[in-house]
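Report on the structure
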Amino acid sequence: MKARNRPKSERQLLCGNAAQQDLGFDSANKGNGIERRQYMKREYSIETNERKIYPLGVTKTPGGFDVAFVSEKSPALLLFEKGSRKRMARLAFPENARMGNVHFMTVKGDFTGLEYAFEEDGKEISDPFGTCFTGREKWGDEKAAGQALHTPFEAVKEAFDWEDDKRPEIPANECIVYKIHPRGFSKHVSFKGESWKRGTFGAVIDKIPYMKELGITTVEMMPPAEFDEIMEDAPGKVNYWGYCCGHSFAPKAAYAGAAPGQKKDPVKEFKTLVKALHKEGLELVVELYFDGTQSPSYVVDVLRFWAAQYHVDGIHLVGYAPLETIVKDPYLSDLKLWAKNWDEVRTATETDRGNRTKEEKKETGRRLSAYETGFMLDMRSFLKGDEGMLNQVALHVKDNPDAVASINYMANTNGFTLMDMVSYDHKHNEDNGEENHDGTDYNQSWNCGAEGPVRKKKILALRKRQLKNALTMLFLSQGTPLLMAGDEFGRTQKGNNNAYCQDNEISWLNWNLSDAHKGLYEFTKELISFRKKHSLFHRSTEPTLMDHKSVGLPDVSFHGEKAWCPDFERYSRQLGVFYSASYGENADGSEEPYFYTAYNMHWEPHTFALPNLPSGYSWHQVLDTAEDNMNGFFTEGKEKLLDDQKEALVLARSIQVFAGLKCPEKKAVVQTQKHLGSRAGKRIEIKAEIKTEIKTEAENATKTETKAETKAETKTEIKAEMKRKGPKENRKEGM
């Protein structure tokens with residue numbers, strides 16, 4: 001095209017070596033708006049279109065790129081040869097190409113092997129909308145700290161084959177969340193895989209079979225976006241967690257891996273991870289941090305980008321985000337959104353959801369979830385035996401709001417791990433270099449008798465029981481359970497409850513512990529399987545504590561040591577929860593058993609009266625956290641039939657779960673004879689029948705006592721004998 005035929009909005013630029021500082025419009029040679037300079041045969045043309053809305057950042061177009069940058073001054077686009085910090089060219093935005101504070105232009109030419117950044121007020125600035133960056137491929141590289149990052153033009157236009165990728169769309173009540181750190185999950189030397197894979201997105205793919213076997217449905221990943229881990233205000237420290245402002249559109253380059261001779265490609269590696277998770281039916285929810293200084297439109301753009309370009313299933317909003325704006329965005333209507341609370345939007349959401357039918361609620365699930373510490377702190381207090389906790393415990397057990405789901409956890413990033421919760425009374429953050437002043441002092445933990453690692457079997461046994469109790473509380477509560485990676489096999493941070501700067505074995509997951517604490521892992525896996533199989537523990541709607549189906553029993557009811565008489569006094573540490581089988585929601589239409597969960601967090605054993613079951617049903621023991629021989633669980637189909645259908649002894653600091661199952665007619669008759677007895681009340685016969693479980697002494701009793709007197713005396717002797725023998729001997733004899 002000859003110069004005289006070109007539109008006024010176009011300029012011709014011929015640019016090349018780094019010796020040229022400014023290849024923008026030269027006012028001394030305006031002519032037809034064309035400036036020619038010949039350097040290394042690189043030719044670029046700049047066009048503008050005032051009727052076009054340019055997307056912020058750099059966007060691929062036929063023959064070039066649309067470029068838009070927000071600035072109150074006069075910015076420019078800087079070009080660099082790949083891997084070089086030396087500027088090759090500076091393309092200033094045309095003075096008249098501006099809408100508000102958005103400067104825009106379309107640049108055409110050869111961008112092969114080039115990277116870019118922006119310039120404002122003489123300073124080099126990374127593209128706030130950049131989708132990939134170079135210069136920070138190495139974790140903890142102090143040389144790269146504080147400098148602007150460059151974006152390769154190839155990254156803007158590179159395509160990825162998603163094939164038939166589809167989100168699993170798992171409802172909130174069916175999710176089992178597993179939280180990982182993208183680096184620490186596989187960085188430890190115990191990770192079995194290629195050494196170059198350790199600490200990368202790709203290594204997570206290798207652990208998909210493990211997560212599926214455990215029963216995980218949803219992976220939550222700590223911030224995967226690009227950020228500067230070097231803490232300039234704290235020499236020698238790194239920001240291991242990543243909760244800071246960064247480059248929200250790009251996956252972190254240091255979390256990508258490359259085989260020897262290959263180059264890192266964080267964009268492709270992250271997309272491959274998401275694709276692999278979806279192929280196996282798993283979801284991915286990523287944490288993104290916002291500090292409140294970003295505009296609402298920017299935050300929404302970030303969320304849209306991760307949903308559209310990376311196919312993530314959800315986003316956990318950390319820090320300060322415009323929740324009301326986000327919820328109303330139609331592009332995000334099917335995305336899982338987690339935040340600390342949704343109070344500002346909860347009313348509108350509840351109204352919208354309240355207008356839907358029950359079937360519609362089941363189909364759409366709940367995309368909003370509240371991510372609060374209340375469950376953890378209250379349940380930890382109950383676990384260690386604090387008084388006055390039953391009201392809160394009862395609330396958390398049934399908490400399953402209709403509009404906004406609840407994310408429940410017993411341990412998370414900030415605070416003690418599950419193992420440290422039962423091993424330390426106090427934080428031990430000395431390695432953070434702040435004289436142990438950092439981190440919360442409100443841990444609600446109990447070391448079970450000694451601080452830190454011990455060898456005493458009694459303390460170790462109590463800690464193991466407390467871990468089982470904590471996991472049982474978590475997975476048998478209605479909200480969505482979240483398990484911190486490694487808590488299923490006793491991960492420890494050595495008492496550090498604020499490991500934000502610990503990029504070492506304190507934070508890295510030691511996979512060798514999965515063998516050392518195999519029993520805990522098996523218990524966790526069995527517990528997850530139990531929850532997933534029985535919908536009564538993860539209903540799609542919150543229990544009403546009423547008999548709204550008119551079946552004779554409420555959906556869920558609370559009890560104390562006496563059936564139907566809950567004791568919420570401050571001194572009480574016992575709670576029974578009765579689940580009616582009629583309110584099950586099994587997808588295959590199968591009938592649910594009745595369930596009764598007995599929580600005893602007192603340091604003494606207590607007897608719980610069991611609610612009566614409908615005719616033809618009998619109580620069976622399913623789980624006992626104090627039982628070590630079978631790791632707490634009775635095999636399905638071999639649940640232990642209770643000899644005493646009226647009450648059960650729950651040992652100190654333990655939880656038992658009973659299932660009301662249909663009994664064969666013959667077994668039911670035998671059961672009736674055992675607990676009703678004859679009118680004459682033959683004492684020896686009653687004692688012999690009860691003795692199958694608790695073996696008491698009373699063989700010289702008279703045969704003339706009434707049935708009521710016989711039972712009363714027999715139970716007195718049973719309890720006396722149990723007290724004399726102690727819990728250990730009683731368990732040995734099957735009591």
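Below, the structure is looked at part by part. (Residues numbered from 1 in each chain as written. Predicted model: local features only at pLDDT ≥ 70, side-chain atom pairs only at ≥ 80, totals over all residues. Heavy atoms only, no water.)

Turning next to the overall build of the protein chain. Per the secondary structure count, the protein chain includes 17 helices and 29 strands. Buried residues in the protein chain amount to 56% of all 735 residues. In the protein chain, once contacts between residues fewer than 6 apart in sequence are set aside, the share between residues at least 24 apart is 72%. Carbon together with sulfur atoms contributes 49% to the accessible area of the protein chain, which is approximately 33300 Å² in total. (Helix = DSSP H or I, 4+ residues; strand = E, 2+ residues; numbered from the N terminus. Buried < 20%, exposed > 50% of the residue type's maximum accessible area, 1.4 Å probe, protein only. Contact = heavy atoms within 4.5 Å. Areas by Shrake-Rupley, 256 points an atom, 1.4 Å probe, with all protein chains shown as cover.)

Let us now look at the pairing of strand 28 (residues 647-650). Burial of the side chains of strand 28 is restricted to one face: A648 and V650 are buried, whereas none of E647 and L649 on the reverse face is. As paired elements, strand 25 (residues 606-609) and strand 28 share 4 bridges and run antiparallel to each other. Bridge pairing in strand 28 places T607 opposite L649. (Pairing = 2+ DSSP bridges.)

Counting residues in hydrophobic clusters, the biggest one holds 125 residues, and the most contacted among them are Y178, M211, F270, L303, W306 and W342. Counting residues per element, this core draws most heavily on helix 5 (residues 296-309), which supplies 8 residues. (Core = buried A, V, L, I, M, F, W, Y, C linked by side-chain atoms within 4.5 Å.)

All right, on to the environment of S186 then. Following the sequence through the fold, S186 ends up in the loop between strand 12 (177-180) and helix 2 (201-206). Spatially, the C-alpha atom of S186 lies 7.4 Å from that of V204, the residues being 18 residues apart in sequence. Those residues in contact with S186 that lie beyond four places of it in its chain are F191, K197, R198, G199, T200 and A203.

This part is about the sheet that holds strand 29 (residues 654-662). Here 6 strands make up an open sheet; going across it, the order is 22-23-24-29-26-27 and the pairing antiparallel. Of all strands in the sheet, those with a lone pairing partner are strand 22 (556-559) and strand 27 (640-641), marking the two edges. Note: strand 26 (residues 617-624) against strand 27, 2 bridges, orientation antiparallel. Its bridge partner being in strand 27, H620 is matched across the sheet by L641. Against the sheet, helix 12 (residues 457-475) makes contact with strand 24 (594-600), strand 26 and strand 29, and its axis sits at roughly 50° relative to strand 29, the strand it touches most. (Axes fitted to C-alpha atoms, helices over the stretch in contact; angles between N-to-C directions.)

Before going further, it helps to examine the pattern of salt bridges. A side chain of one charge can pair with a side chain of the opposite charge when the charged atoms of the two come close. Applying the stated criterion to the full structure yields 29 salt bridges. Across the pair K328 and E324 runs a salt bridge whose closest N-O atoms are separated by 3.5 Å. With K328 and E324 both in helix 6 (residues 323-328) and 4 residues apart, the pair spans about one turn of that helix. By relative accessible area, E324 is classed as partly exposed at 38%. Because the salt bridges share partners, they merge into one network encompassing R136, E226, D228, E229 and K252. (Salt bridge = Lys/Arg side-chain N within 4 Å of Asp/Glu carboxyl O.)

Moving on to the side chain of D487. Positionally, D487 belongs in the loop between strand 21 (480-484) and helix 13 (513-516). With near-sequence residues (within four places) excluded, D487 lies in contact with A411, T417, L418 and L520.

The next subject is the environment of E430. Structurally, E430 is set in the loop between helix 11 (418-421) and helix 12. When the C-alpha positions of E430 and G495 are compared, they lie 9.7 Å apart, and in sequence the two are 65 residues distant.

Take the environment of H602 next. Its location among the elements puts H602 in the loop between strand 24 and strand 25. Put simply, H602 and D386 are 216 residues apart on the chain and 9.0 Å apart in space, counted from C-alpha to C-alpha.

Viewed as axis vectors pointing N to C, helix 9 (residues 374-383) and helix 12 meet at an angle of 140°, and their least axial separation amounts to 11 Å. Here helix 9 lies oblique to helix 12, going by the angle between them. Like other packed secondary-structure pairs, helix 9 and helix 12 cross with a definite hand, here right-handed. Of the residues in helix 12, those touching helix 9 at F375, M379, F382 and L383 are Q466, N469, A470, M473 and L474. For the contact of helix 9 with helix 12, the residue count by class is 7 nonpolar, 2 polar and no charged. (Parallel < 35°, antiparallel > 145°, perpendicular 65-115°, else oblique. Left-handed = near helix turned anticlockwise from the far one by under 90°. Nonpolar A, V, L, I, M, F, W, Y, C, P; charged D, E, K, R; others polar.)

This part is about the sheet that holds strand 21. An order of 12-13-16-17-18-19-20-21 is seen for the 8 strands of this closed barrel, with the pairing classed as parallel. If you compare each strand with its neighbour and ignore which way they point, the axes differ by 30° on average. Note: strand 12 against strand 21, 3 bridges, orientation parallel. For V177, the partnering residue across the bridge sits in strand 21 and is L482. Strands in contact with helix 4 (residues 266-279) are strand 13 (218-221) and strand 16 (283-291); relative to strand 16, the strand with the most contacts, it is inclined by about 135°.

With that settled, consider the side chain of K252. In this structure, K252 sits in the loop between strand 15 (247-251) and helix 4. Within polar-contact distance, the side chain of K252 engages the side chain of E226 at 2.9 Å. Residues in contact with K252, not counting those within four places in the same chain, are R136, W139, F201, P224, A225, E226, F227, E229 and P266. (Polar contact = N/O pair within 3.5 Å; in protein donor to acceptor, adjacent residues only side chain to side chain.)

Relative to each other, helix 9 and helix 10 (residues 390-398) sit at 130°, their axes nearing to 9 Å. With respect to helix 10, the element helix 9 is oriented oblique. Considering how the two elements wind past one another, helix 9 and helix 10 form a crossing that is left-handed. Counted together, G374, F375, D378, M379 and F382 of helix 9 and L390, Q392, V393, H396 and V397 of helix 10 form the full contact between these two elements. For the contact of helix 9 with helix 10, a count of residues per class yields 6 nonpolar, 3 polar and 1 charged.

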